[in-house]
Amino acid sequence: MPPTPCPCSSSLPYAECCHPFHTHQSHPQTAEKLMRSRYSAYVLHNIGYIVATTVPSQQNLLNQEEMQQWSQGTFWLGLEVIPVSYTHLRAHETRHDLV
């Protein structure tokens, strides 16, 4: 069975891409890797990772139950990284009830 592709559309297997970040084995070293890992966390409904990678002063403002519902109610279509002089990411998704 082939390895599971990473949801962040990096073309790497999940085990070699975002999984080490999600399991706190390593930390993203660039803004792009951080945003890819956060996108993958939403796809995989890993809200704890989203909270952990939010600036600490804002973490208590997050409604994790609503974030979980939104994550599960969204059909994640992929992540597009647009190369420019700064990192620009575009997430593609739609609500399950609209598909």
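Details of the structure are given in the entry above.
Criteria and cut-off values
- Residues numbered from 1 in each chain as written.
- Predicted model: local features only at pLDDT ≥ 70, side-chain atom pairs only at ≥ 80, totals over all residues.
- Heavy atoms only, no water.
- Helix = DSSP H or I, 4+ residues; strand = E, 2+ residues; numbered from the N terminus.
- Buried < 20%, exposed > 50% of the residue type's maximum accessible area, 1.4 Å probe, protein only.
- Contact = heavy atoms within 4.5 Å.
- Areas by Shrake-Rupley, 256 points an atom, 1.4 Å probe, with all protein chains shown as cover.
- Core = buried A, V, L, I, M, F, W, Y, C linked by side-chain atoms within 4.5 Å.
- Salt bridge = Lys/Arg side-chain N within 4 Å of Asp/Glu carboxyl O.

Colleague: Looking at this structure, I do not really get the overall build of the protein. What am I missing?
Modeller: Helix and strand content of the protein: 5 helices and 2 strands. Order of helices (α) and strands (β) in the protein, N terminus to C terminus: α-α-α-α-α-β-β. Counting all 99 residues of the protein, 32% fall into the buried class. Within the protein, residue pairs in contact and separated by at least 24 positions form 33% of the contacts whose partners lie at least 6 positions apart. Of the roughly 6,500 Å² of accessible surface on the protein, a fraction of 55% belongs to carbon and sulfur atoms.

Colleague: Just to check I follow, could you spell out the environment of Cys-8 for this structure?
Modeller: Looking at the secondary structure, you find Cys-8 in the segment before helix H1 (19–22). It is 5.7 Å that separates the C-alpha atoms of Cys-8 and Leu-79, two residues lying 71 residues apart in sequence. If sequence neighbours within four positions are ignored, Cys-8 has contacts with Cys-17, Cys-18, Arg-36, Tyr-39, Ser-40 and Leu-79.

Colleague: Even after reading the chapter, I still don't get the nonpolar core, so can you show me in this structure?
Modeller: A general trend in soluble globular proteins is that nonpolar side chains are found buried together. In this structure, Cys-6, Cys-8, Cys-18 and Tyr-42 are the most contacted members of the largest nonpolar core, which totals 17 residues. Among the secondary structure elements, those contributing two or more residues to this core are helix H2 (31–43), helix H3 (47–52) and strand S1 (74–83).

Colleague: What exactly am I supposed to notice about the pattern of salt bridges here?
Modeller: Pairing of side chains with opposite charge becomes possible as their charged atoms draw close. All chains considered together, the criterion is met by 1 salt bridge. The salt bridge involving Arg-36 is made with Glu-32; its shortest N-O contact spans 3.0 Å. Here Arg-36 pairs with Glu-32, and both are found in helix H2, just 4 residues apart, close to one helical turn. Using a relative accessible area of 13% as the deciding quantity, one classes Arg-36 as buried.

Colleague: I tried to follow unusual backbone geometry on my own but got confused; where do I start?
Modeller: Glycine aside, a negative phi is what most residues show, and trans is what most peptide bonds show. One non-glycine residue, Ser-9, lies in positive phi territory at about 65°. With respect to the element layout, Ser-9 can be found in the segment before H1. Residue classification places Ser-9 among the partly exposed positions, given a relative accessible area of 40%. Phi is positive for His-45, close to 60°, though the residue is something other than glycine.

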